[in-house]
Amino acid sequence: MYRAYLEQSQIFVGIYWQRYGWVGPGMEISGLEDEFRLAAGKPMLLYLKRPAPDQEPGLTAMIERIRSAGAVSYRHFATAKELERLLVDDLAVLLRESFAGATILPSGTVTFLFTDIAGS
């Protein structure tokens, strides 16, 4: 299902804390990492909740791969309120940059998909 949402999306927002997610039969990576990889080429806003004392090794490795690649930056947050502030600010900057100089704003539906945030 996340593949269909990604195809319709203009921006990818990833919020990560402790869980890497389920690795399906025949898969080498979790759906969480697959979703991140499939979003390549879209503007990305990534957020890591800290502290994360019980972070699963798969998520730690994924974050290290993101860090090592150096192509995408991410921000840390500790509370839902802090995440809200960061997300609103970052979306405003991204939208301002995307539409700078545009005479007509696009129309349509804006969809937010939040995954794997239960318990955070």
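Here we summarise the structure given alongside this text. Since we're looking at a predicted model, the values are computed, not measured.

Scoring rules and cut-offs
Residues numbered from 1 in each chain as written. Predicted model: local features only at pLDDT ≥ 70, side-chain atom pairs only at ≥ 80, totals over all residues. Heavy atoms only, no water. Buried < 20%, exposed > 50% of the residue type's maximum accessible area, 1.4 Å probe, protein only. Helix = DSSP H or I, 4+ residues; strand = E, 2+ residues; numbered from the N terminus. Pairing = 2+ DSSP bridges. Axes fitted to C-alpha atoms, helices over the stretch in contact; angles between N-to-C directions. Contact = heavy atoms within 4.5 Å.

## Points about the pairing of strand E1 (residues 12-16)
Move 1: Summarising burial for E1: 5 of the 5 residues are buried, a large majority.
Move 2: Both faces of E1 are covered, namely the face carrying Phe12, Gly14 and Tyr16 and the face carrying Val13 and Ile15.
Move 3: Relative to strand E2 (residues 44-49), E1 is paired through 5 bridges, and the arrangement is parallel. From the neighbouring strand, Gly14 faces E2, where its bridge partner is Leu46.

## Notes on the sheet that holds E2
Move 1: Taking strand neighbours across the sheet as the criterion, the 3 strands line up as E1-E2-E3 in an open arrangement whose pairing is parallel. Of all strands in the sheet, those with a lone pairing partner are E1 and strand E3 (74-77), marking the two edges. For this sheet, the mean angle separating the axes of adjacent strands, direction not counted, is 20 degrees.
Move 2: Of the strand pairs in this sheet, E2 and E3 are connected by 4 bridges, and their pairing is parallel. Following the sheet pairing, Leu48 is matched in E3 by His76.
Move 3: Lying over the sheet, helix H4 (residues 80-99) contacts E1, E2 and E3, oriented at roughly 165 degrees with respect to E2.

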